[in-house]
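Here are the chains, one letter per residue:
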Amino acid sequence: MTIAVDFWFDPLCPWAWVTSRWMLEVEKVRDAHTTFHVMSLAVLNQGRDLPEDYRQMMDQEDWIGVRASIAVEQKYGSEALRSFYTALGTRFHLGEEPKTPETVRAALEEVGLDPAIADEAQTDTYDEALLASHREGMDPVGMDVGTPVIRVNGMSLFGPVISPAPKGEAAGDLFDGFVKVSAYSGFFELKRTRTVGPILD
């Protein structure tokens, strides 16, 4: 039976990007399917005392990506969001393109979606839907974590935070372990200090 995986991401986050590439690799070696959903680091960090550079990034760079992503999901569905996230994330993280309407428009055109979404993403048109998606992903894990969030078998967990994303059977092995720990309702946390940054591919 196919394992249904729900995955919440903010397209700005390189760690979520790495984990998302892992899940796509998992699908090659395990009977699993990932449905992508949108959360927002800007929403998560509203009202928090943040370093000035991080606050500026939230205010100036985060909204365009998450608003465009939720617009795609609302207009075209989750499979289109999956494709759009790959196109946008490739530009943001591998191409190091600016987090601008022009980059969003190019990603939309790449996957055959309405480029006018890049204009709508500069407004609050889809913010109600964005907040609903954000809460669906974040409420089960609490506000002390960020993205990625994965739900499998009804249990939501933050992470895994990995670098780089494993390939082939190694990806499947990690997924098997994730499924096993998420099956125990009393499991809350495993963690160690990160010693590398996000290795992107």
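Residues numbered from 1 in each chain as written. Predicted model: local features only at pLDDT ≥ 70, side-chain atom pairs only at ≥ 80, totals over all residues. Heavy atoms only, no water.

A. Spotlight on the overall build of the protein. Looking only at helices and strands, the protein features 8 helices and 4 strands. Computed over its C-alpha atoms, the radius of gyration of the protein comes to 16 Å, within 12% of the 17 Å expected for a compact globule of 201 residues. Structurally, the protein occupies a C-alpha span of about 45 × 40 × 30 Å along its principal axes. Classification of the 201 residues of the protein by burial places 49% in the buried group. Between the averaged position of the 18 positive side-chain charges in the protein and that of its 32 negative side-chain charges there is a distance of 5 Å. (Helix = DSSP H or I, 4+ residues; strand = E, 2+ residues; numbered from the N terminus. Rg over C-alpha atoms; globule rule 2.2 N^0.38 Å. Buried < 20%, exposed > 50% of the residue type's maximum accessible area, 1.4 Å probe, protein only. Lys, Arg positive; Asp, Glu negative; His and termini not counted. Charge placed at Lys NZ, Arg CZ, Asp CG, Glu CD.)

B. Here's a closer look at the side chain of Ser133. Here Ser133 shows up in helix 7 (residues 127-138). Residue classification places Ser133 among the buried positions, given a relative accessible area of 6%. Non-local contacts of Ser133, meaning those with residues more than four positions away in its chain, are made with Trp8, His37, Val38 and Ile70. (Contact = heavy atoms within 4.5 Å.)

C. Quick peek at the sheet that holds strand 4 (residues 155-158). Spatially, 4 strands are ordered 2-1-3-4 in an open sheet, and the strand pairing comes out mixed. Of all strands in the sheet, those bounded by a partner on one side alone are strand 2 (32-38) and strand 4. With direction set aside, neighbouring strand axes in the sheet form an average angle of 20°. Taken together, the 4 bridges between strand 3 (residues 149-152) and strand 4 define a ladder with antiparallel strand orientation. If you follow Arg151 over to strand 4, its bridge partner there is Ser156. On the sheet, helix 1 (residues 14-29) packs against strand 1 (3-9), strand 2 and strand 3 and is oriented at approximately 155° with respect to strand 2. Here helix 4 (residues 78-94) sits on the sheet in contact with strand 1 and strand 2, set at roughly 80° to strand 2. (Pairing = 2+ DSSP bridges. Axes fitted to C-alpha atoms, helices over the stretch in contact; angles between N-to-C directions.)

D. Broad picture of the layout of surface pockets. Counted as a void, the largest pocket has a volume near 1500 Å³. Forming the boundary of the largest pocket are 41 residues, of which Phe158, Gly159, Val161, Leu190 and Lys191 lie nearest the centre. Broken down by secondary-structure element, the contributors of at least two residues to the lining of the largest pocket are helix 1, helix 2 (41-44), helix 3 (52-76), strand 4 and helix 8 (168-182). Along the lines of polarity and charge, the residues of the lining of the largest pocket split into 25 nonpolar, 10 polar and 6 charged. (1 Å grid on protein atoms, 1.4 Å probe; cavity = no way out; pocket = protein on both sides within 12 Å on 5 of 7 lines; lining within 4 Å. Points joined across faces, edges and corners; volume = space filled by probe spheres on them. Nonpolar A, V, L, I, M, F, W, Y, C, P; charged D, E, K, R; others polar.)

E. Structural view of helix 4. Counted at 1.5 Å a residue, the expected span for helix 4 with its 17 residues is 24 Å, and the 23 Å between its end C-alpha atoms agrees. For helix 4, every residue scored as buried is listed here: Ala80, Leu81, Arg82, Phe84, Tyr85, Ala87, Leu88, Gly89, Arg91, Phe92 and His93. Downstream of helix 4 by a residue or two, Glu96 has a phi angle that is positive, lying close to 50°. (Expected span 1.5 Å × (residues − 1).)

F. Main features of the pattern of salt bridges. Counted according to the given criterion, the structure contains 11 salt bridges. A salt bridge links Glu169 to Arg30; its shortest N-O distance comes to 2.7 Å. One end of the pair, Glu169, is in helix 8; the other, Arg30, is in the loop between helix 1 and strand 2, with 139 residues separating them in the sequence. Classification of Glu169 as partly exposed rests on a relative accessible area of 45%. Salt-bridge contacts for Glu136 lead to Arg151; the nearest nitrogen and oxygen are separated by 3.8 Å. You can see Glu136 sitting in helix 7 and its partner Arg151 sitting in strand 3, a full 15 residues away along the chain. A residue is classified by how much of its surface remains accessible, and Glu136, at 40% relative accessible area, is partly exposed. (Salt bridge = Lys/Arg side-chain N within 4 Å of Asp/Glu carboxyl O.)

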